[in-house]
Amino acid sequence: EKGGYKHFMLKEIFEQPRAIRDTTLGRISLDTGKVFLSEMKISDEDFRRATKINIAACGTSWHAATAGKFMIERLARVPVEVDYASEYRYRDPIPDPTALGLLITQSGETADTLAAQREMISKGSKTIAICNVVGAMIAREAHGTIYTHAGPEIGVASTKAFTAQLVALFLFAVHLAQARQTISEDEGRALLEELTMLPGKVEEILKTVDGECEKLARIYSNVSDFLFLGRGIHYPIALEGALKLKEISYIHAEGYPAGEMKHGPNALIDETLPVVVLATQDKSNRDSKLRYEKTLSNIQEVTARSGKVIAVAVEGDTDIGHLVEHVLHVPHTSELLLSVLDVIPLQLLAYHIAVRRGCDVDQPRNLAKSVTVE
Ligand code: F6R
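Labelled according to an unreviewed UniProt entry, the protein chain appears under the name Glutamine--fructose-6-phosphate aminotransferase [isomerizing], originating from Alloacidobacterium dinghuense. One UniProt comment on the protein chain, placed under Function (unreviewed entry), says "Catalyzes the first step in hexosamine metabolism, converting fructose-6P into glucosamine-6P using glutamine as a nitrogen source." Taken directly from UniProt, the Subcellular location (unreviewed entry) text for the protein chain runs: "Cytoplasm".

This is how it looks when you write it as structure tokens:
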């Protein structure tokens, strides 16, 4: 049943190329550059009129939501607000029937997320679910659902369902951008072409980076703390890397926006602290280049204090190797889709560290796959 893998989690990490392909399949046309979302009782007119998108989710799905904010705002130019579902109801949200609600949930049964959805609906919003389980409660109550086709996930720590959520959010962002005419046909086509190349690129990472992460695990499996840094859309990915490590290896880990380090957390850095820095770049994108340059200065702030940097960078980046202890390489893609590539090394790193520490990676202590209490 584990298909020759030692754990479900590793099997599911390796299933990501297929999960991404299946989530994309049948929803795009490379001829017209269009995204088709079926199962939608929301019209293009609703999409055009939406003044805001409110997203609510928990845990890993909240990280996908936060990455999705970058995708939607960048492409569709509509403001996005992201809430922890467990907080949404209790902050007395301002009713706005022209806002669209978006719930992100693998199981479709998370009690806090369902409560947030009902709150949105009671305030007059239409809601869309991004969900991995057909017919789950949150999908049933939504006006539209974008199913992630990751397939059943057995490992408690989410991997393939997360990357499938990122892909579903990307499709949603492109669709919304098309309805609102904030991107041209050519731009749409180019984005979708990049998307279709993603599974092959994930396969490449799995081939090369798995062994490297196993080696890194030998060096770092006994540390007591880890830090994960990123900027822009890579910041929620840093949070996800920290969560993966915490939940399966029980090592304390924190994710931080790299630019915030100088406002306090730099005090934590010493020669015992491994710091994973997401330092990929899309050279064709001006914002991405700027982000990369700023990230390099953040790396220097860490190394100047003797912190040990493990960088995730794009293939062919020869500059970064001189600055850091270790580099894990991922292929090139466009800025927004780099988020899907740079989480893969973080999943593998967490997995190999947890295995070396003798942890039960598929069934971490104190955790359940689906959280149906508020
Ligand atoms: C962690 C993980 C959890 C879930 C969270 C929400 O790996 O999987 O953080 O993301 O419990 O669950 P769903 O996505 O089913 O609403």
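Before we go on, may I ask you to explain the side chain of Ser339 in this structure?
Mapped onto the elements, Ser339 comes out in helix H12 (residues 335-356). Overall, the relative accessible area of 0% leaves Ser339 in the buried class. Side-chain polar atoms of Ser339 contact the backbone oxygen of Leu336, separated by 2.7 Å. Setting aside chain neighbours within four positions, we find Ser339 in contact with Met71, Leu166, Ile233, His234 and Ile237.

Which parts of the structure should I look at to understand the confidence of the model for the protein chain?
Caution applies to low-pLDDT parts of the model: their predicted coordinates are not meant to be read in detail. Counting all residues, the mean pLDDT for the protein chain is 95, and 100% of those residues have values of 70 or more. Among the scores for the predicted complex, ipTM is 0.99 and pTM is 0.97.

I would appreciate a short explanation of the sheet that holds strand E11 (residues 308-314) in the present structure.
Adjacent strands of a sheet pair through backbone hydrogen bonds, lying either parallel or antiparallel. In space, the 5 strands of this open sheet follow the order E9-E8-E10-E11-E12, with parallel pairing throughout. Since the sheet does not close on itself, it has two edges, and those belong to strand E9 (252-257) and strand E12 (326-330), each with one partner. Taking the axes of each pair of neighbouring strands and ignoring which way they run, one obtains an average angle of 20° across the sheet. Sheet topology note: the strand E8 (residues 225-230)/strand E10 (residues 274-278) ladder contains 3 bridges and is parallel. For Leu227, the partnering residue across the bridge sits in E10 and is Val275. Across the sheet, helix H10 (residues 234-249) touches E8, E9 and E10, and the angle it forms with E9 is around 175°. The strands that helix H11 (residues 286-303) touches are E8, E10 and E11; relative to E10, the one it contacts most, it runs at about 170°.

How do you make sense of helix H6 (residues 111-122) when you look at a structure like this?
Because each turn of an α-helix spans 3.6 residues, side chains separated by three or four positions end up pointing in the same direction. For H6, with 12 residues, the first-to-last C-alpha span of 16 Å sits near the 16 Å given by 1.5 Å per residue. Most of H6 is tucked away: 9 of the 12 residues are buried. Every buried residue of H6 is listed here: Ala111, Asp112, Thr113, Leu114, Ala115, Ala116, Gln117, Glu119 and Met120. At its buried positions, H6 is contacted by strand E3 (52-57), helix H5 (85-88), strand E5 (99-105), strand E6 (127-131) and helix H7 (137-141). Positive backbone phi, at 95°, marks Gly124, one or two positions downstream of H6.

Looking at this structure, I do not really get the packing of helix H4 (residues 59-76) against helix H8 (residues 160-179). What am I missing?
Where H4 meets H8, the axes come as close as 9 Å, and the angle between the chain directions of the two elements is 25°. As judged from the angle between their axes, H4 and H8 are roughly parallel. Where H4 crosses over H8, the two elements pack in a sense that is right-handed. Taking contact as the criterion, the partners of Thr60, Ser61, His63, Ala64, Ala65, Ala67, Gly68, Met71, Ile72, Leu75 and Ala76 in H4 are, on H8, Phe162, Gln165, Leu166, Leu169, Phe170, Phe172, Ala173, Val174, Leu176 and Ala177. Counted by class, the contact of H4 with H8 contains 16 nonpolar, 5 polar and no charged residues.

Mind showing me how you'd approach the site of the ligand here?
Of all residues adjacent to the ligand, which total 13 residues, the nearest are Ser61, Thr105, Ser107, Thr110 and Glu247. Ser61 places a polar side-chain atom, nitrogen or oxygen, 2.6 Å from an oxygen atom of the ligand. Coverage of the ligand by the protein chains reaches 90% of its 410 Å² of free accessible surface. At 3 residues, the largest contribution of residues to the shell around the ligand is made by H4.

Help me understand the sheet that holds strand E4 (residues 80-84) in this model?
Judged by pairing direction, the sheet is parallel, and its 5 strands sit side by side in the order E4-E3-E5-E6-E7 without closing on themselves. Looking at strand neighbours, the two that pair on one side only are E4 and strand E7 (144-147), the edges of this open sheet. Across the sheet, the mean angle from the axis of one strand to that of its neighbour is 20°, orientation sign disregarded. As judged from the 6 bridges shared by E3 and E5, these two strands associate in the parallel manner.

Looking at this structure, how should I read the packing of aromatic side chains?
The geometry of an aromatic ring pair comes down to the distance between the two centres and the angle between the two planes. Counted according to the given criterion, the structure contains 5 aromatic pairs. With centroids separated by 5.4 Å and ring planes inclined at 35°, the aromatic side chains of Tyr5 and Phe14 adopt a geometry described as tilted. On the numbers, 6.2 Å between centres and 70° between planes, the contact of Tyr220 with Phe226 is edge-to-face. We note that Tyr220, like Phe226, is buried.

Sorry, what's going on with the pattern of salt bridges here?
Pairing between side chains of opposite charge can happen when their charged atoms approach one another. Considering all chains together, one arrives at 22 salt bridges under this definition. With a closest N to O distance of 3.1 Å, Glu15 and Lys11 form a salt bridge. Classification of Glu15 by relative accessible area gives buried; the value is 17%. Linking Glu45 and Arg49 is a salt bridge whose minimum nitrogen-to-oxygen distance equals 3.7 Å.

Hey, could you run me through unusual backbone geometry in this one?
With the exception of glycine, most residues fall at negative phi, and the peptide bonds are largely trans. Unusually for a residue other than glycine, Asp92 sits at a positive phi of about 55°. Mapped onto the fold, Asp92 is located in the loop between H5 and E5. Exposure remark for Asp92: the relative accessible area of 61% places this residue in the exposed category. Its identity is not glycine, yet Tyr250 carries a phi of approximately 65°, on the positive side. Mapped onto the elements, Tyr250 comes out in the loop between H10 and E9.

So, how was this worked out
Residues numbered from 1 in each chain as written. Predicted model: local features only at pLDDT ≥ 70, side-chain atom pairs only at ≥ 80, totals over all residues. Heavy atoms only, no water. UniProt positions renumbered as here; feature names shortened; annotations may be inferred. Helix = DSSP H or I, 4+ residues; strand = E, 2+ residues; numbered from the N terminus. Buried < 20%, exposed > 50% of the residue type's maximum accessible area, 1.4 Å probe, protein only. Polar contact = N/O pair within 3.5 Å; in protein donor to acceptor, adjacent residues only side chain to side chain. Contact = heavy atoms within 4.5 Å. pLDDT = per-residue confidence, 0-100. Pairing = 2+ DSSP bridges. Axes fitted to C-alpha atoms, helices over the stretch in contact; angles between N-to-C directions. Expected span 1.5 Å × (residues − 1). Parallel < 35°, antiparallel > 145°, perpendicular 65-115°, else oblique. Left-handed = near helix turned anticlockwise from the far one by under 90°. Nonpolar A, V, L, I, M, F, W, Y, C, P; charged D, E, K, R; others polar. Near = heavy atom within 4 Å. Areas by Shrake-Rupley, 256 points an atom, 1.4 Å probe, with all protein chains shown as cover. Phe/Tyr/Trp six-rings, centres within 6.5 Å; stacked < 30°, edge-to-face > 60°. Salt bridge = Lys/Arg side-chain N within 4 Å of Asp/Glu carboxyl O.

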